[in-house]
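Listed here are the chains, written in short residue letters.
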Amino acid sequence: MAPANEPLPGTSDLWEPEVTDWVLLEQAARDIFGRYGYGELRTPIFERTDVFVRSIGDDTEVVQKEMYTFEDRGGRSLTLRPEGTAGTMRAIACHGLADGEQLRVFYMGPMFRGERPAAGRRRQFHQVGVEAVGGLEPYQDAEAIAMLVHYLEAIGVSGGRVRLNSRGLPEDRAAVSAAMRQHFAPRAQDMCPDCQRRLDSNVWRILDCKNPACQAAVEGAPKMVDLLGDESRGFFAAVCRGLDQLGVAYELAPRLVRGLDYYVHTVFEVVHSGLGAQDALAGGGRYRIGLPGVKRPLDGVGFAAGMERLLMARESLGLKAAGRPGADVFIVALGDEAIPAGLGLAQALRRTDLGLRVLAGLGGRSLKAQMRAAHREGARWALILGDNELAAGTIVCKTMATSEQETVRRDDLADWLRKAAAAPAAAAPATASTP
RNA sequence: GUGGCUGUAGCUCAGUCGGUUAGAGCGUCUGGCUGUGGCCCAGAAGGUCGGGGGUUCGAGCCCCCUCAGCCACCCCA
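1. Observations concerning the pairing of strand β4 (residues 77-80)
Now for step 1: In the sheet, strand β2 (residues 46-48) pairs with β4 via three bridges, with the strands oriented antiparallel. Counted as the bridge partner of Glu47 is Thr79 from β4.
Now for step 2: One ladder, built from four bridges, connects strand β3 (residues 68-71) with β4; its direction is antiparallel. Within the sheet, the bridge partner assigned to Tyr68 lies in β4 and is Leu80.
Now for step 3: Counting the residues in the hairpin turn of β3 and β4 gives five residues, including Gly75, whose phi is positive at 85 degrees.

2. Regarding the sheet that holds β3
Now for step 1: Pairing within the open sheet is antiparallel, and its three strands lie in the order β2-β4-β3. The sheet terminates laterally at β2 and β3, the two strands that pair on one side only. With direction set aside, neighbouring strand axes in the sheet form an average angle of 35 degrees.
Now for step 2: Against the sheet, helix α2 (residues 49-56) touches β2, β3 and β4, its axis set at about 80 degrees to β2.

3. Some points on the pattern of salt bridges
Now for step 1: Tallied over the full model, the rule gives 15 salt bridges.
Now for step 2: The salt bridge involving Glu40 is made with Arg42; its shortest N-O contact spans 3.2 Å.
Now for step 3: Among the ionic pairs, Asp299 bridges to Arg288, the shortest N-O distance being 2.8 Å. Highlighted residues: Asp299 in strand β11 (residues 298-306) and Arg288 in strand β10 (residues 280-289), separated in sequence by 11 residues.
Now for step 4: Given a relative accessible area of 27%, Arg288 falls into the partly exposed group.

4. Thoughts on the protein's contact with RNA strand B
Now for step 1: In the region of RNA strand B, 46 residues are neighbours, and Arg121, Arg198, Gly259, Asn388 and Ser403 sit closest.
Now for step 2: Backbone sugar and phosphate groups make up 55% of those atoms of RNA strand B lying within 4 Å of the protein.
Now for step 3: Arg113 is positioned with one of its side-chain polar atoms (N or O) 2.3 Å from a sugar or linking oxygen of RNA strand B.
Now for step 4: Contact between RNA strand B and Glu389: a base nitrogen at 2.8 Å from a side-chain N or O atom of the residue.
Now for step 5: Broken down by element, the residue count for the surface near RNA strand B peaks at seven residues, all from helix α14 (residues 367-376).
Now for step 6: Looking at the surface near RNA strand B residue by residue, the class counts come to 15 nonpolar, 11 polar and 20 charged.

5. What about the packing of helix α5 (residues 138-154) against helix α11 (residues 230-246)?
Now for step 1: The contact between α5 and α11 brings their axes to 8 Å, and the two run at 40 degrees. Considering their axes alone, α5 and α11 lie oblique with respect to each other. Here α5 and α11 pass one another in a crossing that is right-handed. Contacts from Pro138, Tyr139, Asp141, Ala142, Glu143, Ile145 and Ala146 in α5 reach Phe235, Ala238, Val239, Arg241, Gly242, Leu243 and Leu246 in α11.
Now for step 2: Among the residues forming the contact of α5 with α11, the class breakdown is 10 nonpolar, one polar and three charged.

6. A closer look at the domain arrangement of chain A
Where interface size is quoted, it is often the accessible area lost as the parts come together.
Now for step 1: The domain architecture assigned to chain A consists of domain 1 (3-169 + 228-316) and domain 2 (329-422).
Now for step 2: Look at where the C-alpha atoms of domain 1 and domain 2 centre, and you get two points 50 Å apart.

7. A short note on a nonpolar patch on the surface
Now for step 1: A surface patch of nonpolar side chains, amounting to about 260 Å² of accessible area, comprises Ile45, Phe46 and Phe70.
Now for step 2: Take Ile45: it is sitting in the loop between β1 (39-40) and β2.
Now for step 3: Residue classification places Ile45 among the partly exposed positions, given a relative accessible area of 32%.

8. Considering the sheet that holds strand β15 (residues 394-399)
Now for step 1: If you walk across this open sheet you meet the five strands as β13-β12-β14-β15-β16, and the pairing is mixed. Of all the strands in the sheet, the pair left with one neighbour each is β13 (358-360) and β16 (405-409). Each adjacent strand pair in this sheet contributes to an overall mean axis angle of 25 degrees, direction not counted.
Now for step 2: Pairing of strand β12 (residues 329-334) with strand β14 (residues 381-386), which is carried by six bridges, proceeds in the parallel orientation. Within the sheet, the bridge partner assigned to Ala333 lies in β14 and is Leu385.
Now for step 3: Across the sheet, helix α13 (residues 338-350) is in contact with β12, β13, β14 and β15; its angle to β12 comes to roughly 160 degrees.
Now for step 4: Along the sheet face, helix α16 (residues 413-422) touches β12, β14, β15 and β16 and points at about 165 degrees away from the line of β14.

9. A look at helix α4 (residues 85-95)
Now for step 1: Taken across its 11 residues, α4 has eight buried, putting it largely inside the fold.
Now for step 2: Where α4 is concerned, the buried positions are Thr85, Ala86, Gly87, Thr88, Met89, Arg90, Ala91 and Ile92.
Now for step 3: Those residues of α4 that are buried are in contact with β2, α2, β5 (103-112), β6 (124-133), β10 and β11.
Now for step 4: Trailing α4 by a residue or two, Gly96 shows a phi angle of about 95 degrees, which is positive.

10. Brief notes about the packing of aromatic side chains
Now for step 1: In the structure shown here, the tally under the stated rule is seven aromatic pairs.
Now for step 2: With a centroid separation of 6.1 Å and an interplanar angle of 70 degrees, the aromatic rings of Phe33 and Phe303 are classed as edge-to-face. Of the two residues, Phe33 is situated in helix α1 (residues 18-35) and Phe303 in strand β11; the sequence distance between them amounts to 270 residues. In terms of burial, Phe33 and Phe303 fall into one category: buried.
Now for step 3: Joined through ring pairs, the aromatic side chains of Phe33, Phe106, Tyr151 and Phe303 make up one cluster.
Now for step 4: When the ring centre of Trp204 is taken as origin, the NZ or CZ atom of Arg167, which lies over that ring, is 5.4 Å away.

The rules behind the values
Residues numbered from 1 in each chain as written. Chains lettered and ligands numbered in written order. Predicted model: local features only at pLDDT ≥ 70, side-chain atom pairs only at ≥ 80, totals over all residues. Heavy atoms only, no water. Pairing = 2+ DSSP bridges. Helix = DSSP H or I, 4+ residues; strand = E, 2+ residues; numbered from the N terminus. Axes fitted to C-alpha atoms, helices over the stretch in contact; angles between N-to-C directions. Contact = heavy atoms within 4.5 Å. Salt bridge = Lys/Arg side-chain N within 4 Å of Asp/Glu carboxyl O. Buried < 20%, exposed > 50% of the residue type's maximum accessible area, 1.4 Å probe, protein only. Near = heavy atom within 4 Å. Polar contact = N/O pair within 3.5 Å; in protein donor to acceptor, adjacent residues only side chain to side chain. Nonpolar A, V, L, I, M, F, W, Y, C, P; charged D, E, K, R; others polar. Parallel < 35°, antiparallel > 145°, perpendicular 65-115°, else oblique. Left-handed = near helix turned anticlockwise from the far one by under 90°. Domains from an automatic or database assignment. Patch = residues over 30% accessible without salt bridge, like charges linked within 9 Å, V, L, I, M, F, W, Y side chains within 5 Å. Areas by Shrake-Rupley, 256 points an atom, 1.4 Å probe, with all protein chains shown as cover. Phe/Tyr/Trp six-rings, centres within 6.5 Å; stacked < 30°, edge-to-face > 60°. Lys NZ or Arg CZ within 6 Å of the ring centre and 35° of its normal.

Below is the structure:
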């Protein structure tokens with residue numbers, strides 16, 4: 001295949017029948033999130049670069065090396081959104097939010113990060129996410145997590161594990177970092193070079209390191225939750241209490257940190273064993289984001305799930321796309337007069353209240369070839385229209401599943417189809433074969 | 001950005017030690033059956049062997065470069 005026709009690395013074309021699965025994820029999101037009072041928000045796919053930098057944090061991996069940033073003709077720096085929260089917050093700030101007002105939104109769509117593609121990681125990937133903004137209630141966090149679990153159930157993804165931790169408030173961080181440094185400094189010589197550097201720059205991340213030596217050093221590390229102030233500890237306890245009430249199973253993950261700067265208090269993720277190395281299905285937490293022109297930072301809680309990964313999890317569980325449904329009617333037209341007549345007949349049938357899916361053989365191919373096409377398209381009925389039938393004002397109706405056929409007057413065709421459609425469908429509805 | 005594996009027909013893949021005209025299955029088209037699908041049978045179309053360079057009398061096969069895909073690291077969804 002000519003490279004010029006291939007999609008860019010980390011992007012892909014999406015064909016039937018996979019599209020059917022995507023639609024399923026989207027519809028389930030609208031259904032489930034709607035039950036919790038969330039409404040859909042669609043924000044632009046690109047924003048001014050600083051929208052992302054200021055809320056994600058310029059110190060983060062995402063901002064430092066993963067963003068698709070470019071200049072428009074006016075020389076402004078724009079960026080393809082690498083995640084959904086920043087744009088959502090910008091939109092809410094623009095829209096305005098009264099003191100005490102709460103807003104619940106969900107979104108879905110493509111996100112962009114300039115990473116090396118791997119299993120479950122693409123440069124254009126898709127997330128479905130939610131944000132509950134304008135409140136500082138621990139039970140909001142619990143409900144958001146419960147909603148995520150509910151959604152996963154709705155799309156058939158079982159086997160996910162909820163991992164939960166708290167990063168506390170910004171004012172807790174100095175104490176936490178100091179305690180961490182105290183623990184890791186004596187062990188530094190055993191740790192990987194990255195983590196030796198992190199000792200100064202980013203102690204928290206050492207907790208996340210997958211290097212075996214570093215994990216050993218992490219073993220006896222103090223639990224983050226124990227280092228937090230009273231307010232943060234109380235908040236976290238309330239989140240756990242809420243989850244218990246909601247019947248959500250979770251596990252404490254003292255080492256869970258997450259990569260974006262805006263998180264405060266609760267952080268969580270859902271991991272799944274069917275995904276390979278990138279095992280995070282969804283992640284989220286509580287955040288506090290300051291925006292220009294807004295007096296107080298916005299508090300909120302949300303999560304995002306990777307749609308590609310949801311699909312991978314479904315696949316690992318044996319859930320497959322059903323594919324596009326077959327045609328109801330295939331019109332087999334024979335002869336110079338009948339072919340255009342078949343074109344008109346197809347349109348007339350599509351416009352009836354029967355909601356029929358109608359295809360017509362338009363190319364003057366042989367009867368046999370058209371019958372093959374009818375079969376391949378999964379048609380329930382083949383309607384044969386030759387010059388003979390045209391002259392007689394009739395049409396031959398063949399039921400594919402039984403091979404029975406009868407000659408029907410054109411005037412009676414709609415009634416015939418209505419009756420045939422009402423009759424119990426033959427066996428399993430056929431599925432069109434996919435090109 | 002670093003590393004490993006893989007690129008042969010629309011798809012999934014064979015291809016021996018470097019040796020004549022690169023194969024199979026599936027799919028597509030046509031015919032067997034003049035106006036009747038599936039199953040069966042026969043035939044046909046379809047290839048710059050990812051691309052470029054090199055070694056050789058001769059390269060799908062060996063060497064170098066490059067592009068792409070997959071996987072892993074980093075990080076995350």
